[in-house]
Amino acid sequence: MTHPWLDETQQRAWRAWLTVAELLPRELDTQLQRDAGLTHAAYIVLAMLSEAPGRSRRMSNLARRANQSQSRLSHTVARLEERGWVRRERSPEDGRGNVAVLTDAGWDVVRDVAPGHVAAVRAALFDPLTRQQTEALRDVLETVVDRLDPDASRRVAHGSDVAG
């Protein structure tokens with residue numbers, strides 16, 4: 001019986017993806033630690049809150065959008081609360097769930113750190129690519145996302161597409 005191994009092209013693509021998936025977050029963590037003493041995971045939480053209406057999200061929604069478990073998000077938010085960048089409140093809609101709210105100080109952090117973060121993303125991911133390669137990368141990644149999340153329930157929305 002033969003095993004359905006990846007062919008050489010698939011293997012090279014897979015290995016390259018694994019390497020990027022390891023090195024890119026490390027690169028972004030380094031920049032964020034240097035500029036703000038933040039992990040990339042914490043920055044994503046701040047960014048997701050900054051893009052939300054009223055700069056707040058239900059904790060369950062935030063966990064999904066930040067790609068963190070409820071437990072991990074709770075710890076991340078606790079660290080951000082200690083710094084005065086986030087606060088937790090009861091949901092104003094039903095009073096049952098908790099929402100995380102980006103404070104004014106947290107908003108200042110996002111505004112201060114975002115330009116350096118964007119520069120780090122651009123330098124690490126987009127500067128080595130041509131415009132055509134960037135478009136091809138987008139197309140490829142969107143195709144994979146469509147396969148992994150066919151009902152679009154787990155996607156990180158674009159800033160202009162963000163819903164509560």
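In what follows, the structure referred to is the one given above.
Not measured: the values here are computed from a predicted model.

Caption draft 1: Region of interest: the overall build of the protein. Scanning the protein from terminus to terminus reveals six helices and three strands. Walking the protein from its N terminus toward its C terminus, one meets helices and strands in the order α-α-β-α-α-β-β-α-α. Taking the principal axes of its C-alpha atoms as reference, the protein extends roughly 55 × 35 × 30 Å. Burial statistics for the protein: of 164 residues in total, 29% are counted as buried. A sequence separation of at least 24 residues applies to 52% of the contacts in the protein between residues at least 6 apart. When the accessible surface of the protein is split by element, carbon and sulfur atoms take 54% of a total near 10,900 Å². Charged side chains in the protein number 23 positive and 23 negative. The centres of these two groups are separated by 4 Å.

Caption draft 2: Looking closely at the layout of surface pockets. Reported here for the second largest pocket is a volume of approximately 170 Å³. Lining the second largest pocket we find 11 residues, and of these Ser56, Arg57, Arg58, Glu93 and Val99 sit closest to its centre. Mapped onto the lining of the second largest pocket, the elements with two or more residues apiece are β1 (56–58) and β3 (98–102). When residues in the lining of the second largest pocket are grouped by element, the largest group, three residues, is from β1. Tallied by class, residues from the lining of the second largest pocket come to four nonpolar, three polar and four charged.

Caption draft 3: Spatial organisation of the pattern of salt bridges. Summed over the entire model, instances satisfying the criterion amount to eight salt bridges. Where Asp104 meets Arg55, a salt bridge forms, and the shortest distance between an N and an O atom there is 2.6 Å. A residue pair is termed long-range when its members are at least 10 positions apart, and Asp104 in helix α5 (residues 104–126) and Arg55 in the loop between α2 (40–50) and β1 qualify at 49 residues. Residue Asp104 is classed as exposed on the basis of its relative accessible area of 54%. Between Glu135 and Arg131 there is a salt bridge whose closest N-O contact spans 3.6 Å. Of this pair, Glu135 and Arg131 both sit in helix α6 (residues 131–148), four residues apart, roughly one helical turn. Overall, Arg131 belongs to the exposed group, its relative accessible area being 61%.

Caption draft 4: Just the nonpolar core, in detail. Within the largest apolar cluster, 25 residues are counted, with the highest numbers of intra-cluster contacts made by Leu38, Val45, Leu46, Leu62, Leu80 and Val86. Only α1 (8–36), α2, α3 (59–65), α4 (70–82), β3 and α5 provide two or more residues apiece to this core. Tallying contributions element by element places α2 first for this core, with seven residues. If we skip the residues at most four places from it in the chain, Leu62 touches Val45, Met48, Leu49, Arg57, Leu73, Val77 and Ala100.

Rules and cut-offs
The residue numbers shown here count from 1 along each chain, following its written sequence. Restriction of local features to residues with pLDDT of at least 70 applies here, the model being predicted, together with a cutoff of 80 or more for giving and counting side-chain atom pairs; totals for whole chains, interfaces and linings are based on all residues. Working from all heavy atoms in the structure, the side-chain values ignore hydrogens and water. Secondary structure elements follow DSSP: runs of H or I no shorter than four residues count as helices, runs of E no shorter than two count as strands, and numbering proceeds from the N terminus. Burial status follows relative accessibility: with a 1.4 Å probe on protein chains alone, a residue under 20% of its type maximum counts as buried, one over 50% as exposed, and anything between as partly exposed. The contact criterion used is simple: two residues touch if any of their non-hydrogen atoms lie within 4.5 Å. Surface accessibility in these figures is a Shrake-Rupley result with a 1.4 Å probe; residues are shielded only by whichever protein chains are displayed. When charges are counted, neither His nor the chain ends are considered; positive counts come from Lys and Arg and negative counts from Asp and Glu. One atom stands in for each charge, and that atom is NZ of Lys, CZ of Arg, CG of Asp or CD of Glu. Cavities and pockets are found on a 1 Å grid laid over the protein atoms alone: a cavity is a set of points where a 1.4 Å probe fits but cannot escape, a pocket is an open set with protein on both sides within 12 Å along at least five of seven lines, and a lining residue has an atom within 4 Å of such a point. Grid points are joined across faces, edges and corners, and a volume is the space filled by probe spheres set on the points. The residue classification treats Ala, Val, Leu, Ile, Met, Phe, Trp, Tyr, Cys and Pro as nonpolar and Asp, Glu, Lys and Arg as charged. All others, Gly included, are polar. Put simply, a salt bridge is a Lys or Arg side-chain nitrogen that is within 4 Å of an Asp or Glu carboxyl oxygen. Definition used in this section: a nonpolar core is a set of buried Ala, Val, Leu, Ile, Met, Phe, Trp, Tyr and Cys residues joined via side-chain atoms within 4.5 Å.

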